[in-house]
Amino acid sequence: MSTPEELELEQLLKELAPTEAERAQLLEEHRQLEKDLLRLADPMPPPDFLHKVMAKVAVAPARAPAKSEVLVAVVIVIAALAASSFAFFATGDLGEVGLQFTRLVLQLRDTVVGLGSAISALWRTAALPLTIGLGAALATFLLAFKRVLHNSLHEVKVVS
């Protein structure tokens, strides 16, 4: 069964093109026009676009890591090595390191379960104040994040 839109389209086609061959030609012309309009809305890039971009990439020097980035990386590596060395030498036995790690994981699990219970109790007794407090905290963090991004975006240099 045809919808009202399809019936209207068939009626319009019959008015514009009385024969079946003319209707087919009209529909093909319409399809070609739609295709051309889509190409206009989203034009293809020039044929040499990729070549030009890759040439600019090859010429542009790679950005050297900043001293602060290198310093942060070194601090992270040293802290990880120190923590692992301390964990190994504090117990003196490899099996003890595994047991200490297991105890730490179990303590963390208990802490997460306790925090979940606390939040659940807070939600049951004071949902509105909790929601307002969390919303205020989120808004504060987002404003601080925006300020940090805003300050760091002024230092960005765009080169074309």
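Before going into details, it helps to say that this report is about the structure given with it. Here the structure is a predicted model, which is why all the values come from computation and not from measurement. (Residues numbered from 1 in each chain as written. Predicted model: local features only at pLDDT ≥ 70, side-chain atom pairs only at ≥ 80, totals over all residues. Heavy atoms only, no water.)

Comments concerning the overall build of the protein chain
Looking only at helices and strands, the protein chain features six helices and zero strands. Against the globule reference of 15 Å for 160 residues, the protein chain gives a C-alpha radius of gyration of 33 Å, more extended than a compact globule. Along the longest, intermediate and shortest principal axes, the C-alpha atoms of the protein chain span 95 × 60 × 40 Å. Split into buried and exposed, the 160 residues of the protein chain put 2% on the buried side. (Helix = DSSP H or I, 4+ residues; strand = E, 2+ residues; numbered from the N terminus. Rg over C-alpha atoms; globule rule 2.2 N^0.38 Å. Buried < 20%, exposed > 50% of the residue type's maximum accessible area, 1.4 Å probe, protein only.)

Examining the pattern of salt bridges
Under the definition given, this model contains five salt bridges. Notably, a salt bridge pairs Glu20 with Arg23, separated by 3.1 Å at the nearest N-O pair. Taken together, the residues span about one helical turn, with Glu20 and Arg23 both in helix H2 (residues 20-41) at a distance of three residues. (Salt bridge = Lys/Arg side-chain N within 4 Å of Asp/Glu carboxyl O.)

Looking at the side chain of Arg23
Overall, the relative accessible area of 17% leaves Arg23 in the buried class. Reaching out from Arg23, the side chain makes a polar contact with the backbone oxygen of Ala17 at a distance of 3.1 Å. When sequence neighbours within four positions are dropped, the list of residues in contact with Arg23 reads Leu13, Lys14, Ala17 and Pro18. (Polar contact = N/O pair within 3.5 Å; in protein donor to acceptor, adjacent residues only side chain to side chain. Contact = heavy atoms within 4.5 Å.)

Things to note about a nonpolar patch on the surface
A contiguous nonpolar surface patch, about 480 Å² in accessible area, is contributed by Phe49, Leu50, Val53, Met54 and Val57. You can see Met54 is positioned in helix H3 (residues 49-59). (Patch = residues over 30% accessible without salt bridge, like charges linked within 9 Å, V, L, I, M, F, W, Y side chains within 5 Å. Areas by Shrake-Rupley, 256 points an atom, 1.4 Å probe, with all protein chains shown as cover.)

So, the packing of helix H1 (residues 4-16) against H2
Orientation of H1 relative to H2, taken along the N-to-C sense of each, is 115°, at an axis distance of 9 Å. Taken together, the axes of H1 and H2 lie roughly perpendicular to each other. Here H1 and H2 pass one another in a crossing that is right-handed. Side by side, H1 and H2 meet where Leu13, Lys14 and Leu16 of the first sit next to Arg23, Leu26 and Leu27 of the second. Looking at the contact of H1 with H2, its residues break down into four nonpolar, no polar and two charged. (Axes fitted to C-alpha atoms, helices over the stretch in contact; angles between N-to-C directions. Parallel < 35°, antiparallel > 145°, perpendicular 65-115°, else oblique. Left-handed = near helix turned anticlockwise from the far one by under 90°. Nonpolar A, V, L, I, M, F, W, Y, C, P; charged D, E, K, R; others polar.)

Considering a negative patch on the surface
A cluster of like negative charges, contributed by Glu5, Glu6, Glu8 and Glu10, occupies part of the molecular surface. Here Glu5 shows up in helix H1. Exposure remark for Glu5: the relative accessible area of 57% places this residue in the exposed category. (Lys, Arg positive; Asp, Glu negative; His and termini not counted. Charge placed at Lys NZ, Arg CZ, Asp CG, Glu CD.)

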